[in-house]
Amino acid sequence: MSQTRPLVQTRTAPVLIYRHSVIVRITHWINVLCLAILLMSGLQIFNAHPALYWGNISDFDHPAVSLAAVQPQNGPPRGITTVFGHRFDTTGVLGLSRDAAGQPRERGFPAWATLPGEQSLAGGRLWHFFFAWLFVINGSIYLLAGILRGHVRRDLLPGRDQLRHIGQTAWDHLLFRFPKGEAARRYNVLQKLAYLSVIFGFLPFMLLTGLTMSPRMDAAWPQLLLLFGGRQSARTIHFILAWSLVAFVLVHVFMVLVSGVRNNLRSMVTGRYAIEESRDAAE
Amino acid sequence: MPPNDLHRRTLLGIGTLLLGGCDRLAEDPAVQRVLASAEGLTRRVQRLLGGASVLAPEYTEADVSPVFKANGTLDPDDDDYQDMAAKHFTDWRLEVVGLVERPLRLSLDDLRAMPPRTQITRHDCVEGWSCIGKWKGAVLGDVLRQAEPRAGARYVVFRCADPMDNGNPDSRYYESIGMDEAFHPQTILAYDMNDGPLPVAHGAPLRVRVERQLGYKMAKYLMRIELVDSFADIGSGNGGYWEDQGYAWYAGI
């Protein structure tokens, strides 16, 4: 009677599936380079006037946020960060930090966070605008291919079943229980919503707020000023979005690390992602 | 060493290499040229959007900044300039020379006699701040038409009174714009600011307004306008004082 038993025994050997197309992989890594350089050169540009305002103009005496060095009555100068009138001592990091030679200097963000490291607005602008173009061209290729080849619809739009179970998915995430087997073939609903909001929300708004700071763009498209409430508001939103993207990247990298760093990295390099075939699926 | 620690150290090492590498790269002239190539792309694309003649947004009296920040030179370190200022610029003349059929020498009264243009516009400094001010002046295009530019004129160079390097007269501020920007209706030679004569800190007696570009294009303390076919032989050859320090000639962004 042995031939009536199932031939396929329970298997837990991983199966490699093709997860990321070559366009997704290349544009992903170009995006990593662009966002890193855009962030650091952006902080360099911000350092030329490390204060933020709302509206069209700068109310120099009442910035919403400012990073400055302040000389107390006695003792060395301190780096003071002011947010809506609340003062924080951020000496060493914000407002006052050491340069490459170890000397304390008045600087918004410290030398290790900016590109170039030393104070150079002209240099920061060179890097920022070159990589802004690369970012836009790269993002356009990704979007065009993603829409035409069905990647956005197939892989990013959450299904109705996924949306219904969003609470369960969130709970599983909090317990670090990640999908296995068949469920691991597609992105989970939290991943999909995070990627969609970055691709169609944060990144396009990053570009638009950046363009709103351009006087020539404001001549060509004055609606940009209405959309963001003025040039200085656009600059402030650009800054907030930049740090929101940093937060996204931190969570993204954390999830990559805790949900199988080798498997995740391999899938974004070779395209192949390993899933564990479950007992049910094998029988 | 546990694998995680190894990863961490490797990443830290790569990060340090990248950071140091970036700074060395940033100083390499070839890299600078590649990075600067984006400037031409930005200029061409921005020119296409909305066309060459789009107007910068204009604001209302209520939007004018209570305090308009003065930047750069605040009081030129130059004896000739100080003499002219003491006489309320009655001796001052604006020269229009170079590739023109009729070189001009204009007094402030000559400029005030021309049809004025008044505009309330936003001034965007390359550093990131903005102020709104009300400017009144002669339209640069009208001045240039009087001088009759020759066919070969491609750039309008603004020569200023303020030495940038501790009173060194060879280091005076200068700027340049293309002919399209020079004949734009909002490009004016401003003698009034916020309903009064242009203050010394803002460039008395005359500053140029180039409303679709950043503040450093809007030269103060104007003395001479030169029409040229190339600015390669002026200063370090990049078209302006700040351009010679590495800033972009096209300052529309």
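Counting restarts for each chain, with residues numbered from 1 along the sequence as it is written. All chains are assigned letters beginning at A, and all ligands numbers beginning at 1, according to the order in which they are written. Per-residue local features of the predicted model are confined to residues with pLDDT of at least 70, and side-chain atom pairs are confined, for both listing and counting, to 80 or more; whole-chain, interface and lining totals are unaffected and use all residues. Excluded from the side-chain calculation are hydrogens and water; included are all heavy atoms of the structure.

1. Describing the overall build of chain B
Then step 1. Runs of H or I in DSSP of at least four residues are treated as helices and runs of E of at least two as strands, each being numbered from the N terminus. Check the secondary structure of chain B and you find six helices and ten strands.
Then step 2. By principal-axis analysis of the C-alpha atoms, chain B measures approximately 80 × 45 × 45 Å.
Then step 3. Counting only residues that meet the buried cut, chain B has 49% of its 253 residues in that class.
Then step 4. Here the contacts in chain B between residues at least 6 apart in sequence split such that 68% fall between residues at least 24 apart.
Then step 5. Charge counting treats Lys and Arg as positive and Asp and Glu as negative, with His and both chain ends excluded. Where a charge lies is defined by one atom per residue type, namely NZ (Lys), CZ (Arg), CG (Asp) and CD (Glu). Taking the 28 positively charged and 37 negatively charged side chains of chain B as two groups, their mean positions are separated by 5 Å. Each residue gets one of three labels from its accessible area relative to the maximum for its type: buried under 20%, exposed over 50%, partly exposed in between, using a 1.4 Å probe on protein chains only. Contacts are residue-level and defined by heavy atoms, with any inter-residue pair within 4.5 Å sufficient.

2. Regarding the domain arrangement of chain B
A common way to express how large an interface is: the accessible area buried when the components associate.
Then step 1. Domain extents, as shown, originate in an automatic or database domain assignment. Its domain assignment divides chain B into domain 1 (1-49) and domain 2 (54-245).
Then step 2. Centre-to-centre, using C-alpha coordinates, domain 1 of chain B lies 37 Å away from domain 2 of chain B.

3. Digging into the domain arrangement of chain A
Residues and elements named next belong to chain A.
Then step 1. Assigned domains of chain A: these are domain 1 (2-21 + 149-282) and domain 2 (51-108).
Then step 2. The gap between the C-alpha centroids of domain 1 and domain 2 is 36 Å.
Then step 3. Listed per partner, the contact involves ten residues of domain 1 and eight residues of domain 2.
Then step 4. Buried area is calculated as the accessible area (1.4 Å probe) missing from two parts once they are joined, with the contributions of both summed. Taken over both partners, the interface formed by domain 1 and domain 2 buries close to 750 Å², and the fraction arising from carbon and sulfur atoms is 55%.
Then step 5. Salt bridge, as applied in this entry: a Lys or Arg side-chain nitrogen positioned within 4 Å of an Asp or Glu carboxyl oxygen. Taken together, domain 1 and domain 2 are joined by zero salt bridges.
Then step 6. Counted as a polar contact is a pair of N or O atoms within 3.5 Å, where, for protein atoms, one must be capable of donating a hydrogen and the other of accepting one, and residues adjacent in sequence contribute only when both atoms are in side chains. Scanning the region where domain 1 abuts domain 2 turns up five residue pairs in polar contact (both at pLDDT 80 or more).
Then step 7. For the side of domain 1 that touches domain 2, the element with the most residues is helix α9 (residues 231-258), which contributes seven residues.
Then step 8. Residues that form the side of domain 1 that touches domain 2 fall into these classes: three nonpolar, five polar and two charged. Classification used: nonpolar for Ala, Val, Leu, Ile, Met, Phe, Trp, Tyr, Cys and Pro, charged for Asp, Glu, Lys and Arg, polar for all others including Gly.

4. Quick notes on the side chain of K217(B)
All names here are of chain B.
Then step 1. Mapped onto the elements, K217 comes out in the loop between β9 (207-209) and β10 (222-228).
Then step 2. Judged by relative accessible area, which is 0%, K217 ranks as buried.
Then step 3. A distance of 3.0 Å separates polar atoms of two side chains, one belonging to K217 and the other to E175.
Then step 4. The contacts of K217, once residues within four sequence positions are left out, are E175, S176, I177, V208, V210, E243, W249 and A251.

5. Things to note about helix α5 (residues 166-174) of chain A
Residues and elements named next belong to chain A.
Then step 1. Listed in full, the buried residues belonging to α5 are T169, D172 and H173. One side of α5 holds all its buried residues, which, seen down the axis, span an arc of 100°.
Then step 2. Its buried side turned inward, α5 meets α6 (189-212) and α9.
Then step 3. Just beyond α5, the residue with positive phi is F176, at close to 55°. Arc, as used here, means the arc of the directions from the helix axis to the C-beta atoms.

6. Describing the pattern of salt bridges
Pairing is possible between side chains of opposite charge, provided their charged atoms come close.
Then step 1. Within the structure shown, the criterion is met by 24 salt bridges over all chains.
Then step 2. A salt bridge links K134(B) to E61(B); the nearest nitrogen and oxygen atoms lie 2.7 Å apart. You can see K134(B) sitting in strand β4 (residues 130-139) and its partner E61(B) sitting in the loop between α2 (29-48) and α3 (79-86), a full 73 residues away along the chain.
Then step 3. For D142(B), the salt bridge goes to R145(B), with nearest N and O atoms at 3.1 Å. In this pair, D142(B) and R145(B) both sit in helix α5 (residues 140-147), three residues apart, roughly one turn of the helix.
Then step 4. Linked by salt bridges that have partners in common, D218(A), R231(A), R122(B) and D124(B) make up one network.

7. Considerations on unusual backbone geometry
Then step 1. The peptide bond linking L115(A) to P116(A) adopts the cis configuration, its omega dihedral lying at -10°.
Then step 2. Take P116(A): it is sitting in the loop between β7 (104-107) and α2 (121-148).
Then step 3. Put simply, A204(B) and P205(B) share a cis peptide bond, and its omega is 5°.
Then step 4. With respect to the helices and strands, the residue P205(B) is situated in the loop between β8 (196-197) and β9.
Then step 5. Although it is not a glycine, F89(B) adopts a positive phi angle of roughly 65°.
Then step 6. Look at N194(B): it is not a glycine, yet its phi comes out positive at around 50°.
Then step 7. Looking at the element boundaries, N194(B) is found in the loop between β7 (188-193) and β8.

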